[in-house]
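Okay, here's what each chain looks like letter by letter:
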Protein chains: 2
Amino acid sequence: MKVGILGVGSTRFSEHWDKSLRDLALSAACEALTHSPIGFADIDAIFVGNMSAGLLAGQEHIGALVSSELGLTVPAMRVEGACASGSLALQAGIFSILSGQARYALIVGVEKMSDLSTSQVTSVLMNAADEELEGAYGFTFPSLYALMAQAYMKRYKITEEIMAEVAVKNHYHGSLNPLAQFRNVLTVKDVMNSSYISDPLKLLDCSPISDGASAVVLCREDLVTGPTLKQVFVVASTTSTDFLALHRRSDITSIPAAYRASKKAFEMAGVTQKDIDLVEVHDCFTIAEYFALEDMGFFEKGAAPLATQKGLTRLGGILPVNVSGGLKACGHPVGATGVRKAFEITLQLRGEAGDRQVHDARIALSHNVGGSGATAVVNIFARGDFFKDKLS
Amino acid sequence: MKVGILGVGSTRFSEHWDKSLRDLALSAACEALTHSPIGFADIDAIFVGNMSAGLLAGQEHIGALVSSELGLTVPAMRVEGACASGSLALQAGIFSILSGQARYALIVGVEKMSDLSTSQVTSVLMNAADEELEGAYGFTFPSLYALMAQAYMKRYKITEEIMAEVAVKNHYHGSLNPLAQFRNVLTVKDVMNSSYISDPLKLLDCSPISDGASAVVLCREDLVTGPTLKQVFVVASTTSTDFLALHRRSDITSIPAAYRASKKAFEMAGVTQKDIDLVEVHDCFTIAEYFALEDMGFFEKGAAPLATQKGLTRLGGILPVNVSGGLKACGHPVGATGVRKAFEITLQLRGEAGDRQVHDARIALSHNVGGSGATAVVNIFARGDFFKDKLS
């Protein structure tokens, strides 16, 4: 498969007290459309990734909202899969292009979270877990990931300090990204001194509550224009699912759905881990970045922590991971995150990522998890010249 | 376009006090799969239509929920567009089949509404309207449709009695449908004697609060099996969108999005209104059935009430409308409704609709509206022999 990306846009991820859900979505959408070589009226279909605008903003039906506010009457739907909603919206858009029913599709990911209190948002986010088997017993997302972290730390004998390396690296990357929610650098000591949220996860192991939106304009492969080195294609898009409840999974020191989705994605794109120049993975908690890197075969099981500590996943390392700052520092407006990954990767493949540019990036991967791992979406993106050399 | 329907299933629409969201979704999904000539493991992708499980049941992330509970790990996403969520899930599934990324797709529509009080549900449903421009000012859905009804009644000089004819007809149809929520017949007098909810709409002008789920198994055109007269295809699937807020629309005595979607659907299917043997339209309130029939060109503007009073839209009439009982009598679990329409039409085209069978139905249309008309989805379905005669 091969679908083009014509333009991208994103708000800063932050606490946008002065902006509504609608403002954020339209801001990103208009930026992506303005940066595309087509008019608003060329859009054939709209897919909005959003997890919980009903609970967070009293507003469902966001597909039609975005379409109408852009002055359009085109088919529009909201797509949801918890924190993977953005990547699933991208995937639904890809289906619409490949189906021949749309030439151009607008994908918007959006979430407005800061209008509620932190405890209310924590409660809303539990809608991504199994309400009957987890929510009803008082779990929160930090506590679910804490269980996974405890099991991983015991099995692979790692310390909280080594887990903190993810936050340190991602805050460093965030300091280079003008759209990141947090641009302050951290030390391992800072992370260790932050309060426990759910042992062993501390405040600075957790991604923040954020407002924001990102958008991407997709097009049919043959409609991509411009110089080859500015062309970006999605060359694989796969999803795998699993039980919502943690205790029903085959393993809690990994996310099996991400293993399966990435395996299919590499096959679909006809590339291997070695071909990938950068990855944007789902670091909702520091431990989750280790799962991601191991599940997708970038490192052996248990080896991601040491690799991270050695700097291999830092900008300039052999595999730059979350050069945007990731969910940890760039921020995590849940429905927007998957689309924001596509935004970041498009900038990187075009060589337009400024201070955080990965040198000569040609092929990149995004990894987006819903809940504690019941949904995993993996997308692989390639620059135009990659095909000329490798695929055609 | 042409996508096959292999199997369908549906719970009864009712107040299912003893069943959860999960129970309902799985019951319909298993029935559709069991009635399909494929195994569960053949499903390549799942699309769940649901409006507000987050607000109504504390559970988002239902795509992965359905996939995992069926023992699958396939791509799954929830699709939402208010009360049109079910039809949009069907459309997303159609895109996945036409894209070549899925051979078989499972579509499930589900909503569990009766766990909250009526006033809470009324508040949840307002998430389908414009929160900033309507919800914040105290509108409810009955009051929005009441405004539309008032305008229509004034323009076309119809009475509340003539509006009540829709409820009378649809309750008669519901009396023939074992899966309908209401199987009691009504008279115009019964409707007139029911309490005002929002003038001119009375209780018996309104569709009920319902629990239920419906499911459809879609397949690639060439994978349809069985005798021609049992084969069912989706031959058009279109959506149009409009402003969420009523006062921003070009007309409130019709639903312009439904006009646009149906026009495209007839073109896509290569048929006209005259070819259609039955329609399932979105009668969330009695007045809405008149909008539907006129917007789609089955009757001139202002002519649907008299046609209905004359019995033209009754089972046995020239255009049977909502032989299932419609939203009014069959029930309206919002996310399930669009899929339930596909379920009903599949039974009708196969000649398996029992007492409510439309004689020799070969081509049928479903019309599904989200909110007060910001989303309209029109699907056209045809029996296998229709192509042999007309299209090929």
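All figures in this text were calculated on a predicted structure; none of them were measured in a lab. (Residues numbered from 1 in each chain as written. Chains lettered and ligands numbered in written order. Predicted model: local features only at pLDDT ≥ 70, side-chain atom pairs only at ≥ 80, totals over all residues. Heavy atoms only, no water.)

## Quick notes on the relation of the copies chain B and chain A
Each copy of the sequence occupies a distinct position, and chain B is placed on chain A by a rotation of 180 degrees and an axial shift of 0.0 Å, giving an RMSD of 0.0 Å. Taken together, the turn and the small shift mark the pair as related by a two-fold rotation axis. Judged by C-alpha distance, S99(B) is the residue of chain B that lies nearest the rotation axis, at 1.8 Å. Interface residue correspondence from chain B to chain A reaches 100%, placing this contact among same-surface, isologous pairings. (Least-squares fit on C-alpha atoms with pLDDT ≥ 70 in both. Contact = heavy atoms within 4.5 Å.)

## Notes on the interface of chain B and chain A
Across the contact, 59 residues belong to chain B and 59 residues belong to chain A. Here chain B packs against chain A, burying approximately 4400 Å² in sum over the two surfaces, 53% of which is carbon and sulfur. Seen at the junction of chain B and chain A, the total is eight salt bridges. Across the pair E132(B) and R22(A) runs a salt bridge, and its minimum N-O distance is 3.5 Å. Run the count over chain B and chain A and you get 34 residue pairs in polar contact (both at pLDDT 80 or more). Taken together, the elements giving at least two residues each to the side of chain B that touches chain A come down to helix 2 (53-57), helix 3 (62-69), strand 3 (76-80), helix 4 (85-98), strand 8 (232-241) and helix 9 (256-269) of chain B. (Buried area = accessible area lost by both parts, 1.4 Å probe. Salt bridge = Lys/Arg side-chain N within 4 Å of Asp/Glu carboxyl O. Polar contact = N/O pair within 3.5 Å; in protein donor to acceptor, adjacent residues only side chain to side chain. Helix = DSSP H or I, 4+ residues; strand = E, 2+ residues; numbered from the N terminus.)

## Focus on the nonpolar core
The biggest cluster of nonpolar side chains holds 99 residues, and the ones touching the most others in it are Y145(A) and I380(A). Aside from chain neighbours lying at most four places away, what touches I380(A) is F233(A), V234(A), V235(A), A236(A), A265(A), F266(A), A269(A), V271(A), I276(A), I363(A), A364(A) and L365(A). Grouped together as the second largest cluster of nonpolar side chains are 98 residues, V66(B), Y145(B), M153(B) and A269(B) included. (Core = buried A, V, L, I, M, F, W, Y, C linked by side-chain atoms within 4.5 Å. Buried < 20%, exposed > 50% of the residue type's maximum accessible area, 1.4 Å probe, protein only.)

## Examining the pattern of salt bridges
For the structure shown, the criterion picks out 50 salt bridges over all chains. Linking R340(A) and E280(A) is a salt bridge whose minimum nitrogen-to-oxygen distance equals 2.8 Å. Residue R340(A) is located in helix 13 (residues 334-350), and its partner E280(A) is located in strand 9 (residues 278-280); the two are separated by 60 residues in the primary sequence. Linking D385(B) and R383(B) is a salt bridge whose minimum nitrogen-to-oxygen distance equals 2.9 Å. One exposure class covers both D385(B) and R383(B), and it is buried. In this structure, a network of salt bridges that share partners links the residues R22(A), E69(A), D130(B), E132(B) and R248(B).

## Thoughts on the packing of aromatic side chains
Residues and elements named next belong to chain A. Summed over all chains, the structure comprises 12 aromatic pairs over all chains. Aromatic pair Y152 and Y156: ring centres 4.8 Å apart, planes at 55 degrees, arrangement tilted. Taken together, the residues Y152 and Y156, both in helix 6 (residues 141-156) and four residues apart, mark about one turn of the helix. Arranged with centres 5.7 Å apart and planes meeting at 70 degrees, the rings of Y152 and F291 form a pair that is edge-to-face. Taken together, the positions of Y152 in helix 6 and F291 in helix 10 (residues 286-295) put the pair 139 residues apart, joining distant regions of the chain. One exposure class covers both Y152 and F291, and it is buried. Following the ring pairs from residue to residue traces out a cluster consisting of F141, Y145 and F285. One Lys or Arg, R314, reaches over the ring of Y172 and ends 4.3 Å from the middle of that ring. (Phe/Tyr/Trp six-rings, centres within 6.5 Å; stacked < 30°, edge-to-face > 60°. Lys NZ or Arg CZ within 6 Å of the ring centre and 35° of its normal.)

## As for helix 9 (residues 256-269) of chain A
Residues and elements named next belong to chain A. An ideal rise of 1.5 Å per residue puts 20 Å on 14 residues; helix 9 measures up with 20 Å between its terminal C-alpha atoms. Taken residue by residue, helix 9 has P256, A257, A258, A261, S262, A265, F266 and A269 as its buried positions. The first or second residue beyond helix 9 is G270, which carries a positive phi of 70 degrees. (Expected span 1.5 Å × (residues − 1).)

## Thoughts on the environment of G326(B)
Residues and elements named next belong to chain B. For G326, the position within the fold is in helix 12 (residues 326-330). Looking at G326, the relative accessible area reads 0%, which means it is buried. Apart from the residues lying within four places of it in its own chain, the contact partners of G326 are D283, G331 and R340.

## Considering helix 4 (residues 85-98) of chain A
All names here are of chain A. The end-to-end C-alpha separation of helix 4 is 20 Å, in line with the 20 Å expected for 14 residues at 1.5 Å each. Burial analysis of helix 4 places 13 of its 14 residues in the buried class, the great majority of the element. Positive phi shows up at G100, right after helix 4, with a value of about 85 degrees.

## Describing the state of the cysteines
What the rule picks out here adds up to zero disulfides over all chains. There is no disulfide at C206(A), and the cysteine sulfur nearest it, in C284(A), is 9.2 Å away. The exposure class assigned to C206(A) is buried, which follows from its relative accessible area of 11%. Left without a disulfide partner, C83(B) is nearest to the cysteine sulfur of C284(B), which lies 6.8 Å away. (Disulfide = S-S within 2.5 Å.)

## Quick word on unusual backbone geometry
With an omega dihedral of 15 degrees, the bond running from D199(A) to P200(A) counts as a cis peptide bond. One can find P200(A) in the loop between strand 5 (196-198) and strand 6 (201-202). One non-glycine residue, K157(B), lies in the positive phi region at around 50 degrees. Inspection of the secondary structure puts K157(B) in the loop between helix 6 (141-156) and helix 7 (160-175). On the basis of relative accessible area, K157(B) is assigned to the exposed category, the value being 69%. Within the chain, N322(B) stands out as a residue other than glycine whose phi angle is a positive 60 degrees. As for its position among the elements, N322(B) is in the loop between helix 11 (304-309) and helix 12.

## Examining a nonpolar patch on the surface
Together, Y137(A), F139(A) and L147(A) give the surface a local cluster of nonpolar side chains, amounting to about 320 Å² of exposed area. Inspection of the secondary structure puts L147(A) in helix 6. (Patch = residues over 30% accessible without salt bridge, like charges linked within 9 Å, V, L, I, M, F, W, Y side chains within 5 Å. Areas by Shrake-Rupley, 256 points an atom, 1.4 Å probe, with all protein chains shown as cover.)

## Re the side chain of S240(A)
Positionally, S240(A) belongs in strand 8 (residues 232-241). Of the polar contacts made by the side chain of S240(A), one reaches the side chain of R260(A); its length is 2.9 Å. When sequence neighbours within four positions are dropped, the list of residues in contact with S240(A) reads A257(A), R260(A), A261(A), A374(A), T375(A), A376(A), T73(B) and V74(B).

## Some details on the packing of helix 7 (residues 160-175) of chain A against helix 10 of chain A
All names here are of chain A. Two elements in contact, helix 7 and helix 10, have axes separated by 8 Å at closest approach and are oriented at 95 degrees. Between helix 7 and helix 10, the crossing angle belongs to the class labelled roughly perpendicular. Here I162, M163, E165, V166, A167, K169 and N170 of helix 7 come into contact with helix 10, specifically with T286, I287, E289 and Y290. When its residues are assigned to classes, the contact of helix 7 with helix 10 shows six nonpolar, two polar and three charged. (Axes fitted to C-alpha atoms, helices over the stretch in contact; angles between N-to-C directions. Parallel < 35°, antiparallel > 145°, perpendicular 65-115°, else oblique. Nonpolar A, V, L, I, M, F, W, Y, C, P; charged D, E, K, R; others polar.)

## Quick notes on the confidence of the model for chain A
The share of residues in chain A with pLDDT of 70 or more is 99%, and the mean pLDDT across the chain is 97. Across the predicted assembly, pTM comes out at 0.98 and ipTM at 0.97. (pLDDT = per-residue confidence, 0-100.)

## Quick word on the pairing of strand 10 (residues 363-370) of chain A
Residue and element names in this part refer to chain A. The element strand 10 is extensively covered by neighbouring structure, given that eight of its eight residues are classed as buried. Of the two faces of strand 10, the one lined by I363, L365, H367 and V369 and the one lined by A364, S366, N368 and G370 are each fully buried. Summarising the sheet, strand 9 and strand 10 pair through three bridges and their orientation is parallel. Paired with V279 across the two strands is L365, which belongs to strand 10. (Pairing = 2+ DSSP bridges.)

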